[in-house]
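Below are the chains, spelled out letter by letter.
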Amino acid sequence: MTADMSIWEKLSYYWEFPFVRYALIVGCLVALCSSLLGVTLVLKRYSFIGDGLSHVAFGVMAVATVLNLSNNMILVLPLTVLAAILLLQTGEKARVKGDAAIAMVSVSSLALGYMIMNIFPANSSNISGDVCTTLFGSTSILTLTGTEVTISIVLSAVVILLFVLLYNRIFAVTFDENFVRATGMPARTYNLIIATIIAVIIVLGMNLVGSLLISALVIFPSLSAMRLMHTFLGVVVLSAGISVFAALLGMLISILFSTPVGATIVSVDLVVYGICLIIGKIMKR
């Protein structure tokens, strides 16, 4: 009882700080957006595109750090969107297939980003700390400014609105792209929209869990929901609920026990997946 009271007292104490409220709001929004298209990525077997784009964002962020940009999203967001479109086109064309292209871009961007941060260390007093924060989201979610929160809310609202408006088309492209083309619908355009939305989600999610763990935020809730639901809409709705729950619980645990934010959220996602896996097997029996 005393332990419970102390936890609630801690939560009420931390809630008084604006940066904690900012982190919880943005974290839940990013988790919600990530889960919406996670189902599509899993079903279209593009699960690893999150890794590729997050590493591209890391490389661009390194350049933005060297250039001393006050808001690195000005550079990171458009270039990550461009990389998403190019990756999709490369996968469709020929010589370098999707998985190989993603792996090539992922490793190259990660290596170049880290090299740039080491070659130009004058702009950072703690290279290892900056790299760790960017890769694992250690404390960046707790240092958001009011402007960054506003940008995150606006971009999240746009992602959710686009998903709702294009739900039927995303559903069609996810399950039968050839049929969509046969009916005369611009499947390529919808794929580009999906790629753009994914890039926006990746950039938003880097502040929450870091570039190395962002794929878990996109994929785990979808896989968990698929253990229990058997319709596209059911999986999307449950995935959104699981994602927001895991992000909120992970951030609260991180705040209370001073654990790394990104790793804690992913750990909660992993536990939830294990529970859903067990429940799914019981339901089948």
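For the structure itself, look to the data block above.
Here's what I pulled together on the structure shown here.

What counts as what
Residue positions are counted from 1 within each chain, in the order its sequence is given. In keeping with the predicted nature of the model, local features appear solely for residues at pLDDT of at least 70, side-chain atom pairs appear and are counted solely at 80 or more, and the whole-chain, interface and lining totals rest on all residues. Excluding hydrogens and water, the side-chain figures rest on all heavy atoms present in the structure. Note on ring pairs: Phe, Tyr and Trp rings are taken, using the six-membered ring of Trp, and paired if centres are within 6.5 Å. Classes follow the plane angle, with under 30 degrees stacked, over 60 edge-to-face and the rest tilted. Per the convention used, a helix needs a DSSP run of H or I reaching at least four residues, while a strand needs a run of E reaching at least two, with both numbered from the N terminus. Exposure classes here rest on a 1.4 Å probe applied to the protein chains alone. A residue is buried below 20% of its type maximum, exposed above 50%, and partly exposed in between. The axes used here are C-alpha line fits, helices contributing only the stretch in contact, and every angle between their N-to-C directions lies in the interval 0 to 180 degrees. Throughout, the term roughly parallel applies to angles under 35 degrees, roughly antiparallel to angles over 145, roughly perpendicular to angles from 65 to 115, and oblique to all others. Two helices that cross are described as forming a left-handed crossing if the nearer one is turned anticlockwise from the farther one by less than a right angle, and a right-handed crossing if clockwise. Whether two residues are in contact is decided by their heavy atoms: any pair within 4.5 Å suffices. Three classes are used, and their members are as follows: Ala, Val, Leu, Ile, Met, Phe, Trp, Tyr, Cys and Pro are nonpolar, Asp, Glu, Lys and Arg are charged, and the others, Gly among them, are polar. In this analysis, a patch consists of residues with relative accessible area above 30% that form no salt bridge, clustered at 9 Å for like charges and at 5 Å for the nonpolar side chains Val, Leu, Ile, Met, Phe, Trp and Tyr. Computed with a 1.4 Å probe, the accessible areas rest on the Shrake-Rupley method; for each residue, only the protein chains presented here act as cover. Criterion for a salt bridge: a side-chain nitrogen of Lys or Arg within 4 Å of a carboxyl oxygen of Asp or Glu. The arc under discussion is defined with respect to the helix axis, by the directions toward the C-beta atoms.

All right, on to the packing of aromatic side chains then. With the rule as written, the count across this model stands at 6 aromatic pairs. Taking 5.3 Å as the distance between ring centres and 70 degrees as the angle between the ring planes, the aromatic pair formed by Phe171 and Phe232 counts as edge-to-face. Separated by 61 residues along the polypeptide, Phe171 in helix H8 (residues 167–175) and Phe232 in helix H12 (residues 232–257) bring together distant segments of the chain. Looking at Phe171, the relative accessible area reads 38%, which means it is partly exposed. On the basis of relative accessible area, Phe232 is assigned to the buried category, the value being 7%. Ring geometry for Phe175 against Phe232: centres 5.6 Å apart, planes inclined by 75 degrees, an arrangement best described as edge-to-face.

Their axes nearest at 8 Å, the elements helix H11 (residues 214–228) and H12 cross at an angle of 125 degrees. By the angle between their directions, the pair H11 and H12 is classed as oblique. Here the hand of the crossing between H11 and H12 comes out right-handed. Residues Leu217, Pro221, Ser222, Ser224, Ala225, Met226 and Leu228 of H11 lie in contact with H12, whose contacting residues are Val235, Leu238, Ser239, Ile242 and Ser243. In terms of residue class, the contact of H11 with H12 is made up of 8 nonpolar, 4 polar and no charged.

This next bit is on a nonpolar patch on the surface. A cluster of nonpolar residues, Val271, Ile275, Ile279 and Met283, forms a patch on the protein surface that exposes about 370 Å² of accessible area. Following the sequence through the fold, Ile279 ends up in helix H13 (residues 261–284). Given a relative accessible area of 37%, Ile279 falls into the partly exposed group.

Let's shift gears to H8. Looking only at H8, the buried set comprises Tyr167, Ile170, Val173 and Thr174. On an axial view of H8, the arc spanned by its buried residues comes to 130 degrees, and they lie on one face.

Another point: the environment of Met206. When you line up the elements, Met206 lands in helix H10 (residues 187–209). The buried category is assigned to Met206, whose relative accessible area is 3%. Each C-alpha atom of the pair Met206 and Val30 lies 9.5 Å from the other, and the pair is 176 residues apart in sequence.

Packing of helix H2 (residues 18–43) against H12 brings their axes to within 8 Å, and their N-to-C directions diverge by 145 degrees. Like other packed secondary-structure pairs, H2 and H12 cross with a definite hand, here right-handed. Contacts between H2 and H12 involve Val20, Ala23, Leu24, Gly27, Cys28, Ala31, Leu32, Ser35, Leu36, Val39, Thr40 and Leu43 from the former and Phe232, Val235, Val236, Ser239, Ala240, Ser243, Val244, Ala247, Leu248, Met251, Leu252 and Ile255 from the latter. Split by residue class, the contact of H2 with H12 holds 19 nonpolar, 5 polar and no charged.

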